[in-house]
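# Secondary and tertiary structure notes
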Amino acid sequence: MQFHFIPKAIGGDHWTTGFTLDRVWADEVGKGREISHMLDQSYMYHSARELQWHLAERFGLPAQSVRVTSTT
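Read on for a plain summary of the structure. (Residues numbered from 1 in each chain as written. Predicted model: local features only at pLDDT ≥ 70, side-chain atom pairs only at ≥ 80, totals over all residues. Heavy atoms only, no water.)

## Overview of the pattern of salt bridges
- The tally for this structure, following the rule as stated, stands at one salt bridge.
- The salt bridge partner of R23 is E34, with a shortest N-O separation of 2.8 Å. Of this pair, R23 sits in strand 2 (residues 19–28) while E34 sits in strand 3 (residues 31–34); the two residues are eleven residues apart in sequence, bridging distant segments of the chain. (Salt bridge = Lys/Arg side-chain N within 4 Å of Asp/Glu carboxyl O. Helix = DSSP H or I, 4+ residues; strand = E, 2+ residues; numbered from the N terminus.)

And the structure:
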């Protein structure tokens, strides 16, 4: 399953200092739907990989089947 997210940076560079989630969409079979309300938007992620594992656990998916992309 494909997920697309917009991060909110914590500090200067969100890829080195961490980020929270601004908005998240799930795209399954070409149908995107916003799922931001289903996730804790105050949790600080340290990497996109951590978000990948979190999404896999949250939606009961194998981590290898989850792909995440970002606008930045």
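## Examining the sheet that holds strand 2
- Spatial strand order, 3-2-1-4: four strands in an open sheet with mixed pairing. Where the open sheet ends on each side, the last strands, each with one partner, are strand 3 and strand 4 (67–70). Strand-to-strand twist of the sheet, defined as the mean angle between neighbouring strand axes without regard to direction, takes the value 30 degrees.
- Alignment of strand 1 (residues 2–9) against strand 2, held across eight bridges, turns out to be antiparallel. In the sheet register, P7 faces strand 2, and the bridge partner there is L21. (Pairing = 2+ DSSP bridges. Axes fitted to C-alpha atoms, helices over the stretch in contact; angles between N-to-C directions.)

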